[in-house]
Structures are given as structure tokens and as C-alpha cells.
Amino acid sequence: MLQLTNSGGLRFIKKDHVADSIAKYDIEMKAIYAAGNLYNNATNLGILATHELFDYTILYDTAYFKDGKFTNKYLPLLSDDNNKLKSFYNKLDFEIGATNNYIINLQSRLPITISLIHFLQEKYQLEN
């Protein structure tokens, strides 16, 4: 899309409403990219928060992790600092919200994508 707009390629599309439909689709995709960036940032912050709080050496201790599964033993923390625990919770809660937002953005725009594909197939007599 960037190449089409930068080169002026959209002006060469002569079929009725095709260029407009592609441009509208691009706007919708930008919203998905924004939601994806938020999701990626939130996930990275959540991962970094786990590194500050959890002791990953337990993955090699069969009292905590055995046969690829966690046992029922409580996991040890690197810190019992209440502020770090709250910060960890906040980052995970934010990541959950960002994930849900991203999923909603993807799901809500799927019909737009399908509609554009059908529209282009019809305009250019393309096979499915």
C-alpha cells in the first residue's frame, strides 16, 4: 500500500470505487497495526516484569517443574517487594487489555477484508 500511494499508483486504478475501497481498507489496517503495536509493547513489558519477579531456575528443579508441567508447589519469587508485585499485576492486567483490544480489532476488520476481496474479485473477474 505504501508503494501504491508513494508512486501514485492508485490513480491508475480506473474501475469504479476500487481505489477508494483500497484506501479505506488501508485506514482500517492502520488501526490493526496500532493495536498490534500496543499489544507487542504490553507483552514485552509483562515479560520484563516476570524477569524482575520470578526465579526461572525452578524450571530445572523437579520439585517445581516435572514432565513439562508445573507441580502444585508455590513458585519462589526473586523479590517479595509489594510494589514490584503490584507493578507486575498492573503490567499483566494491561497486557490482557491490549490482547483483547488486538483480538477485537482483528475480528471486527475481518469482514471488511473479506468484503474487499470479493469486491476486487467481482470487479476484475478473478477466481476464488
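Residues numbered from 1 in each chain as written. Predicted model: local features only at pLDDT ≥ 70, side-chain atom pairs only at ≥ 80, totals over all residues. Heavy atoms only, no water.

## Looking at the environment of Gln121
Here Gln121 shows up in helix α3 (residues 82-123). For the pair Gln121 and Asn40, spaced 81 residues apart in the sequence, the C-alpha separation amounts to 33 Å. Excluding anything up to four places from it in sequence, Gln121 contacts Leu126, Glu127 and Asn128. (Helix = DSSP H or I, 4+ residues; strand = E, 2+ residues; numbered from the N terminus. Contact = heavy atoms within 4.5 Å.)

## Thoughts on unusual backbone geometry
In this structure, His17 takes a positive phi of about 65° despite not being glycine. In this fold, His17 is placed in the loop between α1 (2-7) and α2 (18-53). The backbone of Asp67 shows a phi angle near 55°, a positive value even though the residue is not glycine. When its relative accessible area of 73% is taken as the criterion, Asp67 is described as exposed. (Buried < 20%, exposed > 50% of the residue type's maximum accessible area, 1.4 Å probe, protein only.)

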